[in-house]
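Residue-level listing of the chains:
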Amino acid sequence: MVARLVIAAPASGSGKTTVTTGLMAAFTRAGLTVSPHKVGPDYIDPGYHSLATGRPGRNLDAYMCGPELMAPLFAHGARGCDLAVVEGVMGLYDGASGMGELASTAQVAKLLRAPVVLVVDASSQSRSVAALVHGFVSWDPEVRVGGVILNKVGSDRHEALLREAMEDVGVPVLGALRRAPQVDTPSRHLGLVPVAERRTDAVDAVAAMGEQVRQGCDLEGLLALARTAPPLGVEAWEPGFGLPHPAPSRKSPADALPAAARPARGSAPGPAPQAPQGRVSARPLVAVAGGSAFTFSYAEHTELLTAAGAEVVTFDPLRDEQLPPGTSGLVIGGGFPEVYAAELSANERLRKAVAELARSGAPVAAECAGLLYLARSLDGQPMCGVLDADARMSGRLTLGYREAVAVRDNSLAVAGTRLRGHEFHRTVIEPGAGADPAWGVVHPERRFEGFVQDGVHASYLHTHWAARPEVAHRFAGACAR
């Protein structure tokens, strides 16, 4: 049994990331092996968690992976650890829009049978904090709020008033943290600046968070609360268990879209590689983009590709002028290519190498930032030119969960495969004529999205392959061929 805590808040902006990262750092410094987790699709916070613990930050997303996988994925990541700390998403009871508690911190806490610690921004209240906490404690009796950490406390007097008010609620105060600008993390258009871009500055910030929490929180009380979590009684998820499922119907998902939304895009689907049945016999090399421009990835993707028989090697498109020798497949995840457009464009040798690999028919899987990198241009800067499309920054944030269906056979899925994903960007891409879409989005709106071209699958959708392990097996099998 792994001791565990879920760190939640009444709303975004309460200080969850600072407190969670600080707790991870403080407990790690105290000699515990801490497993870091994050509720939802966020890629940036897990980077800070990883820096604090020395272990991969892992996501628990009940929308993309399904509620039934939350406890097994948690057990996989926390195996062999003394303590697991799970950072929530948004407010405690906020989940997927219009879908009740699905994907909320509260739902994940219940699925993990974990006590919740509520981080409250107390900067503009005193006695009212008790009413706020009381409401969150009583809203869902199945959610066990076992403690409160008062954040952004102004003074000793302010803290005394807050603690006095909390005495009538029956929930212990397990910490009180003063306002501390030195531990704030810088933000920009899509949230916090990723760890990979801050380097030594991020190390200092995480250390400061840990020290602030060590001084302001009852670590012994928090650990005692974590140890009250009962056994989960589930088998840990294993990437090797993800054998391909039977191929779904090849009926086009365009049938699920209104006739007016069925654009005539591209030619009829041609023959595609058959989905591999189990592990591939060869050991193909899959290159995965990393570095400061491509920081968005889920740890399970690499584990799934490895379990499927691939050798995974990371490269940095900002620094490396060639793909790793022997590359037979390419994965380019999310990140911030718009921030590094000039530098990515300047690495002309790598751009040409990526284009040559794609033209050869090799499997290429690109999500969001990867999509932009494969375009002809980004904000006027030349990119790889794999796709007949141009991308640019916009003032509009596109954000939310999506349910989609594969339009045609491709290197990741056969036509008709349903998959849930998440979209999060401030760019738009303008495709040329004759582009074949990757997905038919069927929820919350109906439209076509992304590109399929030879072995290339490029889309704005971020997906979590643990939900459909056959995606990794199919991709690795295509790379082997």
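Residues numbered from 1 in each chain as written. Predicted model: local features only at pLDDT ≥ 70, side-chain atom pairs only at ≥ 80, totals over all residues. Heavy atoms only, no water.

Asker: Whenever I open this one, the sheet that holds strand E3 (residues 58–60) confuses me. Can you help?
Answerer: Picture the strands of a sheet paired through backbone hydrogen bonds; they go either parallel or antiparallel. Strand order in the open sheet formed by 7 strands is E3-E2-E4-E1-E5-E6-E7, and the pairing between neighbours is parallel. Of all strands in the sheet, those bounded by a partner on one side alone are E3 and strand E7 (173–178). Looking at each pair of strands side by side, their axes are set apart by 25° on average, direction ignored. Two strands pair when backbone bridges link them, and strand E5 (residues 116–121) and strand E6 (residues 145–153) are joined in this way by 6 bridges, in the parallel orientation. Within E6, the position partnered with Val-116 by the bridge is Val-145. Each of E5 and E6 touches helix H5 (residues 128–139); the most contacted strand, E5, lies at about 145° to it. With respect to the sheet, helix H9 (residues 219–226) is in contact with strand E1 (3–8), strand E4 (83–87), E5, E6 and E7, its orientation differing from that of E1 by roughly 110°. (Pairing = 2+ DSSP bridges. Helix = DSSP H or I, 4+ residues; strand = E, 2+ residues; numbered from the N terminus. Axes fitted to C-alpha atoms, helices over the stretch in contact; angles between N-to-C directions. Contact = heavy atoms within 4.5 Å.)

Asker: Mind showing me how you'd approach the environment of Val-312 here?
Answerer: Mapped onto the fold, Val-312 is located in strand E11 (residues 311–315). Spatially, the C-alpha atoms of Val-312 and Val-331 are 9.7 Å apart, while their sequence positions differ by 19 residues. Other than its neighbours up to four places away in sequence, Val-312 contacts Val-286, Val-288, Thr-302, Leu-305 and Thr-306.

Asker: Is there a simple way to think about unusual backbone geometry in this case?
Answerer: Most peptide bonds take the trans form, and the phi angle of most residues other than glycine is negative. That bond from His-443 to Pro-444 is cis: its omega, 5°, falls within 30 degrees of zero. Despite not being glycine, Ala-103 has its phi angle at roughly 70°, a positive value. As for its placement among the helices and strands, Ala-103 is situated in the loop between E4 and helix H4 (105–112). Located in the positive-phi region is Cys-368, a residue other than glycine, with phi close to 55°. By the element assignment, Cys-368 lies in the loop between strand E13 (364–367) and helix H13 (369–374).

Asker: I keep staring at H4 and nothing clicks. Help me out?
Answerer: Each turn of an α-helix holds 3.6 residues, which means side chains three or four residues apart point in the same direction. With 6 of 8 residues buried, H4 is to be regarded as a mostly interior element. Every buried residue of H4 is listed here: Thr-105, Ala-106, Gln-107, Val-108, Ala-109 and Leu-112. Buried residues along H4 sit in contact with E1, strand E2 (34–39), E3, helix H3 (70–78), E4 and E5. Positioned one or two residues after H4, Arg-113 has a phi angle of 55°, which is positive. (Buried < 20%, exposed > 50% of the residue type's maximum accessible area, 1.4 Å probe, protein only.)

Asker: When you look at the pattern of salt bridges in this model, what are you seeing that I'm missing?
Answerer: Side-chain pairing between opposite charges can occur once the charged atoms of the two side chains come close. Applying the stated criterion across every chain yields a total of 27 salt bridges. Asp-45 is the partner of Lys-38 in a salt bridge, and the nearest nitrogen-oxygen pair spans 3.2 Å. Looking at Asp-45, the relative accessible area reads 6%, which means it is buried. For Arg-418, the salt bridge goes to Glu-403, with nearest N and O atoms at 3.1 Å. Of the two residues, Arg-418 is situated in strand E17 (residues 418–431) and Glu-403 in strand E16 (residues 389–406); the sequence distance between them amounts to 15 residues. Classification of Arg-418 by relative accessible area gives partly exposed; the value is 41%. (Salt bridge = Lys/Arg side-chain N within 4 Å of Asp/Glu carboxyl O.)

Asker: Would you take a moment to explain the nonpolar core for this structure?
Answerer: Generally speaking, soluble globular proteins have nonpolar side chains that are buried together. Membership of the largest hydrophobic core comes to 109 residues, with the highest contact counts inside it found for Leu-23, Phe-27, Leu-118 and Leu-222. When residues of this core are assigned to their parent elements, the largest contribution, 6 residues, is made by helix H1 (residues 16–29). Not counting chain neighbours up to four residues away, the residues in contact with Leu-118 comprise Ala-8, Ala-9, Pro-10, Leu-92, Val-133, Phe-136, Val-145, Gly-147, Val-148 and Ile-149. Ranked by size, the runner-up nonpolar core spans 40 residues in total, among them Ala-293, Leu-323, Ala-341 and Leu-344. (Core = buried A, V, L, I, M, F, W, Y, C linked by side-chain atoms within 4.5 Å.)

Asker: Would you explain the sheet that holds E13 in this entry?
Answerer: Pairing is mixed across the open sheet formed by 6 strands, whose spatial order is E11-E10-E12-E13-E21-E20. On the outer flanks of this sheet lie E11 and strand E20 (451–453), each paired with one strand and no other. Between one strand and the next, the sheet's axes are offset by a mean angle of 15°, whatever the strand orientation. Along the sheet, helix H14 (residues 470–480) makes contact with strand E10 (285–289), strand E12 (327–332) and E13, crossing E12 at roughly 145°.

Asker: What is the right way to read the packing of aromatic side chains from this model?
Answerer: The way to describe two aromatic rings as a pair is by their centre distance and the angle between their planes. What the rule picks out here adds up to 8 aromatic pairs. Taking the centre distance of 4.3 Å and the plane angle of 25° together, the rings of Tyr-63 and Tyr-401 count as stacked. Residue Tyr-63 is found in the loop between E3 and H3, and its partner Tyr-401 is found in strand E16; the two are separated by 338 residues along the sequence. Like Tyr-401, Tyr-63 is buried. Ring centres of Trp-465 and Phe-475 lie 6.4 Å apart, and the angle between their planes is 45°; on these two criteria the pair is classed as tilted. (Phe/Tyr/Trp six-rings, centres within 6.5 Å; stacked < 30°, edge-to-face > 60°.)

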